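Residue-level listing of the chains:
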Amino acid sequence: MKLIIAIIQDKDSNRLSSALVKENYRATKLASTGGFLRAGNTTFMIGVDDNQVESVLNVIRSSCKVREQLVTPVTPMSGTTDSYLPLPVEVQVGGATVFVLPVDRFEHF
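Keep in mind the model is a prediction, meaning the values are calculated, not measured.

Rules used in this analysis
- Residues numbered from 1 in each chain as written.
- Predicted model: local features only at pLDDT ≥ 70, side-chain atom pairs only at ≥ 80, totals over all residues.
- Heavy atoms only, no water.
- Pairing = 2+ DSSP bridges.
- Helix = DSSP H or I, 4+ residues; strand = E, 2+ residues; numbered from the N terminus.
- Buried < 20%, exposed > 50% of the residue type's maximum accessible area, 1.4 Å probe, protein only.
- Salt bridge = Lys/Arg side-chain N within 4 Å of Asp/Glu carboxyl O.
- Arc of directions from axis to C-beta.
- Contact = heavy atoms within 4.5 Å.

Visitor: What is the right way to look at the pairing of strand 3 (residues 40–48) in this model?
Guide: Side-chain direction in a regular strand flips from residue to residue, so the side chains alternate between the two faces of the sheet. Both strand 1 (residues 2–9) and strand 3 contribute to a ladder of eight bridges, which runs antiparallel. Each bridged residue has a counterpart across the sheet, and for Ile 4 the counterpart in strand 3 is Ile 46.

Visitor: Is there a simple way to explain the environment of Asp 104 in this structure?
Guide: Along the chain, Asp 104 turns up in the segment after strand 6 (96–102). Given the relative accessible area of 84%, Asp 104 is considered exposed. Separated by 103 residues in the primary sequence, Asp 104 and Met 1 place their C-alpha atoms 7.6 Å from one another.

Visitor: Just to check I follow, could you spell out the pattern of salt bridges for this structure?
Guide: Charged atoms that come close allow side chains of opposite charge to pair. Enumeration over the complete set of coordinates arrives at two salt bridges. A salt bridge links Arg 15 to Asp 12, with the nearest nitrogen and oxygen atoms 2.9 Å apart. Taken as a pair, Arg 15 and Asp 12 lie in helix 1 (residues 10–22) at a separation of three residues, close to a single helical turn. Taking the relative accessible area as the measure of exposure, Asp 12 reaches 0% and is therefore buried. For Glu 107, the salt bridge identified is with Arg 105, shortest N-O distance 2.8 Å.

Visitor: Looking at this structure, I do not really get helix 2 (residues 53–63). What am I missing?
Guide: An α-helical turn contains 3.6 residues, so a residue and the one three or four places further along point in the same direction. When helix 2 is considered as a whole, its buried residues turn out to be Val 53, Val 56, Leu 57, Val 59, Ile 60 and Ser 63. For helix 2, the angular spread of the buried residues around the axis is 155°, confining them to a single face. Where helix 2 is buried, its residues contact strand 1, helix 1, strand 3 and strand 6.

Below you can see the structure in the form of structure tokens.
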């Protein structure tokens, strides 16, 4: 048995949740916050048998796409801000960060 932890952007959350339900996979959703953009993320925890891992990864892959977004960097914490002009920067957002972990024991009450 494996535990799949998928951290995705909030914009992809409903699409992934619907796709998992359609494929009969149960998942627990947790609200989380990303570090770089300080934007909302959703963390999915999905427990599956070993032979289902690739199928779940394909669902995640098809539901969570990388896209470009313009963001304005945060003001520097130290130093003078007189000459600091925050210009928008194009960054990649979306996609998924996925961890697949072995599960030694599973209990359902």
